[in-house]
4 protein chains.
Amino acid sequence: MKNVKLVGATGYAGGETIRLLLSHPEVRIQSATYDGKEDAPITAFYPQLRGISDLRVASIDQSADVEDGLDAVFMAVPDNVACKLAPAYLAKGVPVIDFSGDFRFSDSNTHKQWYGFDVDESLLKKAIYGLPELFRKQIPGAKLIANPGCYPTCALLALAPALKGGFVDTETVICDAKSGISGAGRNPKSFLHFPERNENLSAYKVASHRHIPEIEVHGSAFSGKNLRLTFVPHLIPINRGMLCTIYADLLSSQTQKQMNDAYLSFYENEPFVRVLPASDMPSVNTVAGTNFCDLQVHVDEHTNRLIVVSVIDNLVKGASGQAVQNLNLILGLEETTGLMTPGQYL
Amino acid sequence: MKNVKLVGATGYAGGETIRLLLSHPEVRIQSATYDGKEDAPITAFYPQLRGISDLRVASIDQSADVEDGLDAVFMAVPDNVACKLAPAYLAKGVPVIDFSGDFRFSDSNTHKQWYGFDVDESLLKKAIYGLPELFRKQIPGAKLIANPGCYPTCALLALAPALKGGFVDTETVICDAKSGISGAGRNPKSFLHFPERNENLSAYKVASHRHIPEIEVHGSAFSGKNLRLTFVPHLIPINRGMLCTIYADLLSSQTQKQMNDAYLSFYENEPFVRVLPASDMPSVNTVAGTNFCDLQVHVDEHTNRLIVVSVIDNLVKGASGQAVQNLNLILGLEETTGLMTPGQYL
Amino acid sequence: MKNVKLVGATGYAGGETIRLLLSHPEVRIQSATYDGKEDAPITAFYPQLRGISDLRVASIDQSADVEDGLDAVFMAVPDNVACKLAPAYLAKGVPVIDFSGDFRFSDSNTHKQWYGFDVDESLLKKAIYGLPELFRKQIPGAKLIANPGCYPTCALLALAPALKGGFVDTETVICDAKSGISGAGRNPKSFLHFPERNENLSAYKVASHRHIPEIEVHGSAFSGKNLRLTFVPHLIPINRGMLCTIYADLLSSQTQKQMNDAYLSFYENEPFVRVLPASDMPSVNTVAGTNFCDLQVHVDEHTNRLIVVSVIDNLVKGASGQAVQNLNLILGLEETTGLMTPGQYL
Amino acid sequence: MKNVKLVGATGYAGGETIRLLLSHPEVRIQSATYDGKEDAPITAFYPQLRGISDLRVASIDQSADVEDGLDAVFMAVPDNVACKLAPAYLAKGVPVIDFSGDFRFSDSNTHKQWYGFDVDESLLKKAIYGLPELFRKQIPGAKLIANPGCYPTCALLALAPALKGGFVDTETVICDAKSGISGAGRNPKSFLHFPERNENLSAYKVASHRHIPEIEVHGSAFSGKNLRLTFVPHLIPINRGMLCTIYADLLSSQTQKQMNDAYLSFYENEPFVRVLPASDMPSVNTVAGTNFCDLQVHVDEHTNRLIVVSVIDNLVKGASGQAVQNLNLILGLEETTGLMTPGQYL
C-alpha cells in the first residue's frame with residue numbers, strides 16, 4: 001500500500017481526489033490539509049463520506065510538513081501556493097503532483113506573463129507536464145508533475161492525432177470550449193451564485209484565457225509544429241463535464257474515414273480515450289465521474305476543415321483522475337488502477 | 001463468483017444495476033435482456049460503458065429462458081411482467097428479485113385494487129418485502145423478493161424508529177415527498193419533456209399514489225400498529241435523489257435529544273442509514289450515487305409533532321442498490337459488498 | 001402619472017420591481033438607490049434593461065432623502081433598514097411599502113423574539129399587512145405597508161378559505177414549502193453556490209423559520225381562530241417559483257366538491273387567484289413571472305384531511321408584484337394595473 | 001386594431017406568439033388552430049393563460065380556412081405544412097408569416113436538397129427572408145415572409161457588419177452555436193427526455209445542419225460575397241436562449257476599437273441589437289423573454305481573427321418576436337410595438 005498526502009482537501013478537486021483514492025486498491029491517504037485553522041473531519045466538508053471515511057483534514061499550517069513514509073503528495077491548492085510548498089517535499093524525495101498552474105510552463109517568462117508571479121526556474125525545468133497520452137514516457141521517473149488544466153487536457157487529446165499526423169494547418173486551430181461550473185472552484189462568487197448561472201449560458205475571457213499558452217506550448221512540444229490557437233471558453237449550467245469543439249484547416253483533402261482511422265489508430269492502446277462513431281451525439285454524460293475522454297472526428301468537406309468534438313469530466317480527467325493516473329505511473333502501478341469504475345449515466 | 005441475470009437492462013434501474021454490479025467483487029452478470037427485438041451491446045443504451053463492459057443485451061424473447069448456472073435473477077421491468085416471468089425461474093430454484101410493484105402486497109385484493117391486474121396469490125404469499133433494515137431476518141432464505149418502491153423505502157426508513165418505539169400516533173402520519181425525475185422511468189412523455197420539467201416544480205397524484213398502501217401495509221406489519229397515511233409526491237427538476245419530509249403527532253412529550261437518541265440507537269448497527277446532526281441541512285447530494293439513507297430528526301415543540309427528513313438516491317437505495325443489498329443477503333455475502341463506493345458530491 | 005422611489009434597486013426584489021414598473025402605465029420610477037458608494041446606471045446590475053431604461057441608482061446615502069413629488073416609496077432592503085428609513089418618508093406623508101420583515105408584526109415583543117432587533121412600536125401599530133386578498137379593506141388608506149413574506153403569501157392564500165369557512169382544525173395545520181433559490185437573495189453564499197444547489201434538494205430551518213409566526217399571526221387575525229403551524233421549507237434548484245403543500249384535519253366530513261366549491265366561491269372575484277381543477281398538476285411554470293396564485297384543493301377521504309397545493313412566483317406575488325398590487329390600492333388605481341402581462345410558460 | 005390568425009398555436013413558438021400578441025396594443029388574435037381534432041381552450045395547453053385569455057384553438061381542419069377580416073396569418077407549423085396552406089391565404093390577399101423552413105430558399109433545388117420535399121418555385125420566389133436588420137426594405141410590401149431560423153438569426157446578426165464592411169475572409173467563417181432545448185420543439189423524444197438532457201451537454205448534426213445553407217445564402221445575398229460556413233450546434237440544458245460564437249479571419253489588421261466601432265455604427269439605429277462593452281460577459285439571461293440580440297466583438301490579435309459572440313432568445317428574436325417585428329413592418333405599425341417589455345433577468 002502506498003501512502004499519499006493531500007494538500008488542499010476541501011475544494012472540489014481535493015474532494016474528488018479523495019473520492020477516487022477511497023476506491024483505489026493500492027493507495028491510502030496518510031494525511032490531508034486544508035486552508036482552515038482547526039483540524040476537522042473531512043465529513044464537515046464532504047458529508048457524503050460519513051460512514052465511509054474517518055479522514056481528518058489538518059490546519060493549513062501542516063501543509064508544509066513533510067511527514068515520514070510519504071510516497072507522493074497531491075497539491076490541490078490555488079495558484080502561487082504549490083511553488084512555495086513543493087521544495088520541501090522534493091528535498092525529501094517525495095514526488096509532487098500539483099493541480100495548479102504553477103509548474104505548467106518551463107519558461108519562467110511565459111509563466112510570469114500569464115500568471116503574474118514568479119516561480120523559481122529550476123522548479124519549472126524539473127516539472128513534467130502530466131498528460132500521459134502525449135508525454136507518458138517522461139512521467140514514471142518524474143519528481144514534479146504539473147497536472148494539466150482541464151481545458152488543455154480536453155483540447156490536446158482532441159488535437160494530438162491531427163498534430164502528430166501533420167493533417168492540419170497548426171496556425172488555424174480554434175477551440176470553442178464549454179465547461180460545467182465546478183471548474184470555477186468552490187468559493188462562492190457573484191457570477192457563480194445559483195440564480196446567476198442557472199438557465200444561463202455565457203462566454204468569458206474571450207481569447208484571453210491562460211489556458212491558451214498552455215495548449216500552445218504543449219501542443220507544439222508534442223508535435224514539433226508551432227501551434228497557434230484561438231480559444232473561447234463558455235460557462236454551461238451543469239456541475240461537471242466539459243466539451244471542446246475543435247476546428248482546424250486540413251492541409252490536404254482527407255476523407256471522414258481516413259481521419260477517423262487516424263484517430264482510432266493513434267488511441268488504439270489508450271485505456272482512457274474512446275473514439276465515438278460519427279453517428280453518436282458526443283455528450284458529457286458518457287464521461288461524467290470517469291477518467292475517460294470521448295472524441296468524435298468529422299471532416300467538413302464543404303470547407304475542408306477538420307472538426308473534433310471532445311468531452312471529459314473536468315474534475316476527473318481534467319483534474320483528480322488524471323492526477324491519480326499520473327500517480328499510478330510514478331509509483332509503478334498499473335495505469336488504470338482505481339480508475340475504471342463505471343460512471344453514472346445520470 | 002456468483003452469476004446473475006438481469007431482465008430489463010436498458011431502463012434507468014437496469015442501467016444502474018449494471019453500474020453497481022460492474023464494481024461488485026463477487027457477482028457477474030451472466031446475461032441480460034431488454035424489450036427489443038435484436039441483440040445489442042449494452043453500450044448502445046449506456047455509452048458510458050464503452051471500454052468497460054462488453055455485456056450484450058438479448059431480445060425480450062430470452063427474458064423467460066432460465067439459463068443454467070444462475071444464482072439469481074433481477075427483474076427491472078414494467079408492472080405485470082415479472083409476475084409472468086418469475087414462475088419459470090422459481091421452478092428451477094433461481095431466486096427472483098423484482099423491482100416492480102407485482103409482489104409488494106401479500107393480499108391479492110389489495111394488489112388488484114391498486115394495480116388493476118391479478119397476480120397469483122401463491123406468488124404473493126411467497127414474496128418477501130426486501131427492505132433489509134426492517135425485515136432483514138426474512139431475506140436470506142427468500143426465493144422471491146419484492147424490492148420496495150423508492151418512496152416507501154425513503155418513508156419507511158424515516159418512520160421505523162418512531163413506529164417501533166411507539167412514539168407517534170400512527171393515524172396522523174403525513175409524508176410529503178419530493179423526487180428527481182429519473183423515478184418516472186426512461187420512456188419520454190410530454191410532462192417529462194425537458195422544457196416542461198426544467199425550472200418547474202409540481203405536485204402530482206395527490207393522496208392517490210399507489211405507494212400509499214405499500215407504506216401503510218409494511219409500516220403496519222413492521223410495527224404492529226395501524227399506520228394511516230396522507231402522502232403527496234412532487235416532481236423536482238433533478239435527475240437523482242429523493243427527499244421525504246414526515247410529520248406525525250407525538251403521543252407524549254419528547255425532547256429533541258430523546259427522539260434523536262431513539263433514532264441513533266435504532267440504526268446503530270445499520271451500515272446504510274446515517275442520522276444527521278440537527279445542524280445539518282439534509283440534502284440529496286450527500287447520498288447521490290450511493291445506497292445510503294440520511295435521516296434528520298426534529299421535535300417541533302410548538303405543535304408536539306415529530307418531523308423526520310429522509311433522503312435517498314431513488315435509483316440506488318430506492319431501487320438498484322437495495323436490490324444488490326438483497327442479493328448479498330440471499331447469496332450469503334457480506335451485506336455491504338459492492339455498495340460502499342463513495343458517492344459523487346457534485 | 002404617479003411617482004415612486006425605489007430604495008434597494010439592485011437585489012432580486014428590487015430588479016423585479018423595476019421590471020414590473022417599466023410596464024406599468026400609470027407609475028414611473030422617479031429615483032432609486034442601492035447599497036453602493038457611487039451612482040451608477042441600473043444596467044450595470046440588470047444588463048437586460050439596456051436600451052429600455054436609463055434609470056440610474058444613487059448611492060445608499062440618498063436612501064434617506066425624501067424628494068419632492070413622491071407618491072410612494074418601495075423599500076427592498078435587508079431587515080433592520082426600513083424601520084430606520086421609514087419615519088422620514090412618513091413624516092412627509094409619503095406612503096412606504098416595505099418588503100422586509102421589519103413591520104410584519106404589530107407586537108414588538110414578537111418582532112424582537114424572531115428578528116432580534118427592536119422596532120418602534122408606534123411604527124408597528126401603524127403598519128398594515130399587505131395581503132390584499134385577506135386584508136384589502138385596510139390597504140387604500142394605509143401609510144405603511146408590510147409587504148408579506150413569500151412563504152406567508154403562498155400559505156395564507158391556500159389556507160384562507162378553509163380558515164374562514166371553519167372547515168379545519170386550526171391546531172393541525174402543516175405547511176410543507178418548496179422554494180426556488182432567488183428567495184435567498186442576490187448575495188453569494190457557500191450554500192447557494194451554483195454547484196452546491198444544482199442537482200440538489202434540501203430541507204432547512206425545519207420548524208424554526210421566522211415565517212411561522214407571520215403565518216400564524218395573520219392567519220389567526222384573519223380567521224379569528226388560533227392558528228398553530230408546523231412549517232418546513234425546502235430549497236429547490238430553480239430560480240423562481242414556490243409551491244406550498246398544506247395539510248389540515250377536517251373538522252367534519254367534506255366532499256371534494258364541497259371544499260372545491262368553497263374555494264371557488266371564496267376567490268370568485270379575486271383577479272390573481274385561480275382554483276385549478278383536481279385533474280391538473282399544480283406547477284410553478286403556470287405562475288412564473290406573474291402575480292397569480294394557483295390553488296388546488298383535495299379532500300383526502302382516507303384520513304379526513306384537507307390538502308391544498310398552492311403555487312406563486314416568489315419574486316412577484318411573493319414580493320414585487322404584491323407590492324405593486326398594494327401600490328395600486330394605495331394610489332386608487334385599478335388593482336390589476338400593470339400586473340396582467342402573461343407569464344412565460346418556459 | 002389588426003386581426004391575425006395563428007395556425008399552430010400549441011407548440012412552443014405558437015405559445016410564445018400568443019404571449020407576445022396578448023401584450024400587443026394594436027393586434028388581436030382573431031382565431032387559432034392546432035393539430036388536434038376537437039376545439040379546445042388555449043389554457044388546456046398553456047395553463048398560465050387562465051384568467052388572461054379566453055382564446056380557443058380550433059381543430060386542424062380549420063387551418064386552411066381563410067376567415068374574413070384577417071390582416072395576416074402566422075404559421076407555426078412543422079415543415080411541409082405551410083407550403084400547402086399558404087396559397088389559400090395569399091389568394092385572398094392575407095399576408096403569411098411562416099416560422100418553418102418551407103420558404104427560406106428562393107432556389108427550389110437548394111430547398112429540396114436540404115428539406116427533402118418540393119415547394120412550388122413561384123412561392124419560393126415570392127417569399128421575403130424576414131430578418132429586418134438585414135432586409136428591412138423588402139418587408140413592408142411582402143405577402144409571404146419566411147421567418148428566419150433561430151440559428152441563422154443569431155449568426156447573421158453577428159456577421160452582418162463584418163460582411164458588409166468587408167473585414168473578414170468570408171470563406172473562413174465558423175459558427176459554434178449553443179441552444180436551449182425549447183428549440184427542438186414540444187414533442188417529447190428520447191434524447192429530449194428530462195434526465196437525458198439535464199446535467200448534460202452535447203454536440204449534434206456536426207457540419208450537417210440545414211441552417212448552414214440558410215446562413216450562407218442570406219449572408220451572401222446581404223454582402224455580395226460568397227459566404228462559406230462551418231457550423232456546429234450544441235444542446236445546452238436550459239429552456240430558452242442561444243449563444244453563437246463566430247470566428248472569421250480578418251482580411252487586414254484591425255484594432256479592437258475599430259471593429260467595435262464598426263459594429264456600433266452598423267447597429268446604431270437598430271432598436272433590437274445591442275453591442276456590449278468588451279468587459280461584459282455575454283449571457284443569454286440579458287435577452288431571455290425579449291426580442292433583443294446582444295453582440296460582443298473581439299479582435300484576437302494573436303491570430304488576426306475576429307470573434308463575435310451573439311445571444312438571442314431562440315423563441316423570441318429567433319422565432320415569435322421576430323415574426324411580430326415582421327408583422328409590425330407589414331402592417332405599417334411602429335416596428336417595436338409590443339416588443340419592448342423588459343425581460344426577466346432570472
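The model shown is predicted, which means the values in this text are computed figures rather than measured ones. Residue numbers run consecutively from 1 along every chain, following the written order of its sequence. Here the convention is simple: chains get letters from A, ligands get numbers from 1, in the order in which they are written. Confidence filtering applies because this is a predicted model: local features only for residues at pLDDT of at least 70, side-chain atom pairs given and counted only at 80 or more, and all residues used for totals across whole chains, interfaces and linings. To get the side-chain values, all heavy atoms of the structure are used, and hydrogens and water are removed first.

## With respect to the overall build of chain A
Using the following cut-off: Put simply, DSSP marks the helices as runs of H or I at least four residues long and the strands as runs of E at least two long, and each gets a number from the N terminus on. We compute the radius of gyration over the C-alpha atoms and compare it with the globule rule, which gives 2.2 Å times the number of residues raised to the power 0.38. We call a residue buried when its accessible area falls under 20% of the maximum for its residue type, exposed when it is over 50%, and partly exposed in between, using a 1.4 Å probe and counting protein chains only. Residue contacts are defined here by distance: any two heavy atoms, one from each residue, within 4.5 Å place the two residues in contact. Positive charges are assigned to Lys and Arg, negative charges to Asp and Glu, while His and the chain termini are left out of the count. For charged residues, the charge sits on one atom: NZ in Lys, CZ in Arg, CG in Asp, CD in Glu.
When you go through chain A residue by residue, the secondary structure sums to 10 helices and 15 strands. Taken against the 2.2 N^0.38 rule, which gives 20 Å for 346 residues, the C-alpha radius of gyration of chain A at 20 Å falls within 12% of a compact globule. Dimensions of chain A, computed from C-alpha atoms along their principal axes, come out at roughly 60 × 45 × 40 Å. Across the 346 residues in chain A, those meeting the buried criterion constitute 68%. Considering only contacts within chain A whose residues lie at least 6 apart along the sequence, 70% involve residues at least 24 apart. With 30 positive and 37 negative side-chain charges, chain A shows a spacing of 2 Å between the two charge centroids.

## Brief notes about the relation of the copies chain B and chain C
For clarity, the threshold we go by: When the copies are superposed, the least-squares fit takes in the C-alpha atoms of residues with a pLDDT of at least 70 in both.
When chain B is brought onto chain C, the operation consists of a screw motion whose angular component is 180° and whose axial shift is 0.0 Å, with 0.0 Å RMSD remaining. Expressed as a symmetry operation, the mapping of one chain copy onto the other fits a two-fold axis. Looking at chain B, 100% of its interface residues are interface residues in chain C too, so the copies touch through the same face.

## Structural notes on the interface of chain B and chain C
Counted only if it meets this: Put simply, buried area is the surface a 1.4 Å probe can reach on two separate parts but cannot reach once they are joined, added for both. What makes a salt bridge here is a side-chain nitrogen of Lys or Arg within 4 Å of a carboxyl oxygen of Asp or Glu, nothing more. Whenever a nitrogen or oxygen atom comes within 3.5 Å of another N or O atom, the pair is scored as a polar contact, on the condition that within protein one atom can donate a hydrogen and the other can accept it, and that pairs from neighbouring residues in sequence are kept only if both atoms are in side chains. Nonpolar residues are Ala, Val, Leu, Ile, Met, Phe, Trp, Tyr, Cys and Pro. Charged residues are Asp, Glu, Lys and Arg, and all others, Gly as well, are polar.
Listed per partner, the contact involves 49 residues of chain B and 49 residues of chain C. Three residues, E199(B), L201(B) and M281(B), lead the burial of chain B against chain C; their summed loss comes to 16% of the area buried on that side. Scanning the region where chain B abuts chain C turns up two salt bridges. Linking D176(C) and K178(B) is a salt bridge whose minimum nitrogen-to-oxygen distance equals 3.0 Å. Inspection of the chain B/chain C interface yields 32 residue pairs in polar contact (both at pLDDT 80 or more). Within the residue set of the side of chain B that touches chain C, elements represented by two or more residues are β9 (173–179), α7 (194–197), β10 (202–203), β11 (229–235), β12 (242–249), β14 (293–300) and β15 (305–312) of chain B. Partitioned by chemical class, the residues of the side of chain B that touches chain C number 25 nonpolar, 13 polar and 11 charged.

## Points about the side chain of D313(A)
Residue and element names in this part refer to chain A. Tracing the backbone through its elements, the reader meets D313 in the loop between β15 (305–312) and α10 (316–331). Using a relative accessible area of 0% as the deciding quantity, one classes D313 as buried. A polar contact of 2.8 Å, which involves the side chain of D313, links it to the backbone nitrogen of L315.

## Brief notes about the packing of aromatic side chains
Residue and element names in this part refer to chain A. Our working rule: Side-chain rings of Phe, Tyr and Trp (the six-membered ring for Trp) are treated as a pair once their centres are within 6.5 Å; stacked means planes under 30 degrees apart, edge-to-face means over 60, and tilted covers the remaining angles.
Following the criterion strictly, the structure yields 46 aromatic pairs over all chains and no others. Between the aromatic rings of Y34 and F45, the centroid separation amounts to 4.9 Å while the plane-to-plane angle is 55°, which identifies the pairing as tilted. Here Y34, found in the loop between β2 (27–33) and β3 (40–41), pairs with F45, found in the loop between β3 and β4 (56–57); they are 11 residues apart in sequence, far enough to count as distant. Residue Y34 is classed as buried on the basis of its relative accessible area, which comes to 11%.

## Digging into the interface of chain B and chain A
Taken together, the 35 residues of chain B in the interface contact 35 residues of chain A. Buried area between chain B and chain A, summed over both chains or domains, comes out near 3000 Å², and the portion from carbon and sulfur atoms is 60%. The largest contributions to the chain B side of the interface with chain A come from R50(B), Q344(B) and L346(B), which together make up 24% of the buried area. Where chain B packs against chain A, one counts two salt bridges. Two residues, D280(B) and R50(A), come together in a salt bridge whose shortest N-O distance is 2.9 Å. Our count for the chain B to chain A interface comes out at 12 residue pairs in polar contact (both at pLDDT 80 or more).

## Some details on helix α10 (residues 316–330) of chain D
Note: α-helices contain 3.6 residues per turn, so residues at a spacing of three or four share the same orientation. Residue and element names in this part refer to chain D. Our working definition: For a helix, the expected span equals 1.5 Å multiplied by the residue count minus one. Two axes enter the definition of the bend at a residue: one is fitted to the seven residues ending there, the other to the seven starting there, and the bend is the angle between them.
Over its 15 residues, α10 extends only 18 Å from the first C-alpha to the last, a length that falls short of the 21 Å expected when each residue adds 1.5 Å. By the largest-angle criterion, Q322 marks the main kink of α10, which is about 45°. The buried fraction of α10 is high, at 15 of 15 residues. Just downstream of α10, G332 is the residue with a positive phi angle, here 75°.

## A few points about the packing of helix α1 (residues 12–22) of chain B against helix α10 (residues 316–331) of chain B
Residue and element names in this part refer to chain B. Basically, it comes down to this: Axis definition: a line fitted to C-alpha atoms, over the contacting stretch in the case of helices. Angles run 0 to 180 degrees between N-to-C directions. Under this scheme an angle from 65 to 115 degrees is roughly perpendicular, one under 35 degrees roughly parallel, and one over 145 degrees roughly antiparallel; angles in between are oblique. The crossing is said to be left-handed when, going from far helix to near helix, the turn is anticlockwise and less than a right angle, and right-handed when the turn is clockwise.
Remark: α1 packs on α10, axes separated minimally by 9 Å, with the N-to-C direction vectors making an angle of 45°. Classified by the angle their axes make, α1 and α10 are oblique. Both α1 and α10 take part in a crossing whose hand is right-handed. Taken together, the residues of α10 that come into contact with α1 (itself represented by A13, E16, T17, R19, L20 and L21) are V316, A319, S320, G321, V324 and L327. Across the contact of α1 with α10, the residue classes break down as seven nonpolar, three polar and two charged.

## Observations concerning the domain arrangement of chain A
Residue and element names in this part refer to chain A. Note the threshold: Here the bounds of each domain stem from an automatic or database domain assignment.
Under the domain assignment, chain A is made up of domain 1 (2–147 + 317–330) and domain 2 (151–314). Placing a centre on the C-alpha atoms of domain 1 and another on those of domain 2 gives a separation of 25 Å. Between domain 1 and domain 2, the residue contacts involve 24 residues of the former and 29 residues of the latter. Across the domain 1/domain 2 interface, buried area totals approximately 2400 Å², and carbon plus sulfur atoms make up 56% of it. Three residues stand out in domain 1 for area buried against domain 2, namely W114, L134 and K317, and they jointly supply 27% of the buried area on that side. Counting every contact that joins domain 1 to domain 2 gives four salt bridges. Notably, a salt bridge pairs D79 with R210, separated by 2.9 Å at the nearest N-O pair.

## Focus: the sheet that holds strand β11 (residues 229–235) of chain D
Residue and element names in this part refer to chain D. Going by this rule: Whether two strands pair depends on DSSP finding at least two bridges between them.
The strand order across the open sheet built from seven strands is β10-β11-β9-β12-β15-β14-β13, with neighbouring strands paired in mixed fashion. Pairing within the sheet leaves two strands with one partner each, and these edge strands are β10 (202–203) and β13 (273–275). As paired strands, strand β12 (residues 242–249) and strand β15 (residues 305–312) are joined by eight bridges and run antiparallel to one another. The residue bridging L243 from the neighbouring strand is V311, located in β15. Lying over the sheet, helix α9 (residues 256–266) contacts β13, β14 (293–300) and β15, oriented at roughly 155° with respect to β14.

## Section: the sheet that holds strand β13 (residues 273–275) of chain B
Residue and element names in this part refer to chain B. The strand order across the open sheet formed by seven strands is β10-β11-β9-β12-β15-β14-β13, and the pairing between neighbours is mixed. Strands at the two margins of the open sheet, each flanked by one partner only, are β10 and β13. Pairing between β10 and β11: two bridges, direction antiparallel. The residue bridging A203 from the neighbouring strand is H234, located in β11.

## Quick look at the environment of V316(C)
Residues and elements named next belong to chain C. On the secondary structure map, V316 appears in helix α10 (residues 316–331). Exposure remark for V316: the relative accessible area of 1% places this residue in the buried category. When the C-alpha positions of V316 and K84 are compared, they lie 25 Å apart, and in sequence the two are 232 residues distant.

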